[in-house]
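Structural features, examined
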Amino acid sequence: MKRIILLILISTLFLQAKSITLNDKDKEELKNNPNKKAVYLRLLKYLELKTKIKDFSLEKKLNYVNSFYNKILPVNDSTKYSSDDYWATPKEFIIEGKGDCEDYAIAKYFTLQEVGIPKDKLFLAVVKVRGATNYHMVLTYLENKNSMPLILDNLSFRVLPFVKRTDLTPKFIFNEKEAFVLKNKKIHKRAKIDWGKEDKWKNLLNRIYKENE
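The structure reproduced in this document is the subject of the present report. Please read these numbers as outputs of a predicted model, since none were measured by experiment.

**Some points on the side chain of asparagine 70**
With respect to the helices, strands and loops of the structure, asparagine 70 is situated in helix H4 (residues 58-70). Look at asparagine 70 and you get buried, because its relative accessible area is 9%. One polar contact links the side chain of asparagine 70 to the main-chain carbonyl oxygen of aspartate 153, over a distance of 3.0 Å. Asparagine 70 has contacts with Tyr104, Lys108, Asp153, Asn154, Ser156 and Phe157, leaving out every residue within four places of it along the chain.

Given below as structure tokens:
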């Protein structure tokens, strides 16, 4: 009976999920995945989260989404994907059940849009963490271009104004429309990001919107 109920819920997920839907390739791969039950449960909890918080206040939406993804285990890209800097799609992140800072921030960015947060108020931010040698990524929410950003970080279950995150120093923020450098942790001026040999952001958007990865 439990198996029948789970299959019914999974079918409902495939019909209702917006940004995360399983294609034929995903379903075939999951048949041989030893952790497939855990994957399906994560997908169901993702759907339940979106339904639950749809009409919540902004503050609650930010906190619930931050907490939901922060429960996923952290792991380095070199361990998971044999790459030093792989950006996973939200679907990959949930299926894998583990990821690094970029994966958390990206998944929060798209999930918050699904529950009604305008994408022009959401920015991914590259920052430096005090005492760390590598750059770190978080998600920021800006009510308007003059606002102090709110930080959603996999290193903290608290959503705080950027000014209160004294451990973080910003490099730049970006979304699908624009990019900025910050001064005193607020938007200062527009930026043009040099992605180097590979534009990871452009590639990721293509994989999500066009390839359903």
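Okay, back to it.
**Things to note about the packing of aromatic side chains**
The geometry of an aromatic ring pair is captured by two quantities: the separation of the ring centres and the angle between the planes. This model, assessed by the stated rule, comprises 14 aromatic pairs. The interplanar angle of 85° and the centroid separation of 4.9 Å between the aromatic rings of phenylalanine 68 and tyrosine 69 together place this pair among those described as edge-to-face. In this pair, the class of phenylalanine 68 matches that of tyrosine 69, namely buried. The interplanar angle of 75° and the centroid separation of 5.7 Å between the aromatic rings of tyrosine 109 and tryptophan 201 together place this pair among those described as edge-to-face. One end of the pair, tyrosine 109, is in helix H7 (residues 101-114); the other, tryptophan 201, is in helix H8 (residues 200-209), with 92 residues separating them in the sequence. Judged by its relative accessible area of 0%, tyrosine 109 falls in the buried class. Pairwise contacts between aromatic rings join Trp87, Tyr109, Phe110, Phe172, Phe174, Trp195, Trp201 and Tyr209 into one cluster. Lying over the aromatic face of phenylalanine 56, lysine 60 brings its terminal NZ or CZ to 5.4 Å of the ring centre. Residue placement shows lysine 171 over the ring face of tyrosine 135; its charged tip is 4.6 Å from the ring centre.

**A word on H4**
Along its 13 residues, H4 runs 18 Å from first to last C-alpha, staying within 8% of the 18 Å computed at 1.5 Å per residue. For H4, the set of buried residues is Lys61, Leu62, Val65, Asn66, Phe68, Tyr69 and Asn70. On its buried side, H4 packs onto helix H3 (36-53), helix H6 (90-96), H7, strand S4 (135-141), strand S5 (150-153) and strand S6 (156-161).

**Structural notes on the pairing of S5**
Relative to S5, S4 is paired through three bridges, and the arrangement is antiparallel. Within the sheet, the bridge partner assigned to threonine 140 lies in S5 and is isoleucine 151. Count of turn residues in the S5/S6 antiparallel hairpin: two residues.

**Describing the packing of H3 against H4**
Interhelical geometry of H3 versus H4 gives an angle of 170° and a closest axis separation of 11 Å. The orientation of H3 with respect to H4, classified from their angle, is roughly antiparallel. Residue-level inspection shows Arg42, Lys45, Tyr46, Leu49, Lys52 and Ile53 of H3 in contact with H4, the latter providing Lys61, Tyr64, Val65, Phe68 and Tyr69. Among the residues making up the contact of H3 with H4, the classes are represented as seven nonpolar, no polar and four charged.

**Considerations on the pairing of strand S9 (residues 186-190)**
As defined by bridge partners, strand S8 (residues 179-183) adjoins S9 across four bridges and the pair is classed as antiparallel. Paired with phenylalanine 180 across the two strands is arginine 190, which belongs to S9. Hairpin connection, S8 to S9: the antiparallel pair is bridged by two residues, and asparagine 184 has positive phi, about 55°.

**Examining unusual backbone geometry**
The backbone phi angle of asparagine 184 is positive, close to 55°, even though this residue is not glycine. Accessibility expressed as a relative area gives 66% for asparagine 184, which makes it exposed. The phi angle at asparagine 212 is positive, at roughly 50°, despite the residue not being glycine. Under the relative-accessibility criterion, asparagine 212 is labelled partly exposed at 24%.

**Let's talk about H8**
Of the residues making up H8, those classed as buried are Trp201, Leu204, Leu205, Arg207 and Ile208. Taken down its axis, H8 places every buried residue within 165° of arc, on the same side. Elements in contact with the buried residues of H8: H6, H7, strand S3 (122-129) and strand S7 (168-174).

Rules used in this analysis
Residues numbered from 1 in each chain as written. Predicted model: local features only at pLDDT ≥ 70, side-chain atom pairs only at ≥ 80, totals over all residues. Heavy atoms only, no water. Helix = DSSP H or I, 4+ residues; strand = E, 2+ residues; numbered from the N terminus. Buried < 20%, exposed > 50% of the residue type's maximum accessible area, 1.4 Å probe, protein only. Polar contact = N/O pair within 3.5 Å; in protein donor to acceptor, adjacent residues only side chain to side chain. Contact = heavy atoms within 4.5 Å. Phe/Tyr/Trp six-rings, centres within 6.5 Å; stacked < 30°, edge-to-face > 60°. Lys NZ or Arg CZ within 6 Å of the ring centre and 35° of its normal. Expected span 1.5 Å × (residues − 1). Pairing = 2+ DSSP bridges. Axes fitted to C-alpha atoms, helices over the stretch in contact; angles between N-to-C directions. Parallel < 35°, antiparallel > 145°, perpendicular 65-115°, else oblique. Nonpolar A, V, L, I, M, F, W, Y, C, P; charged D, E, K, R; others polar. Arc of directions from axis to C-beta.

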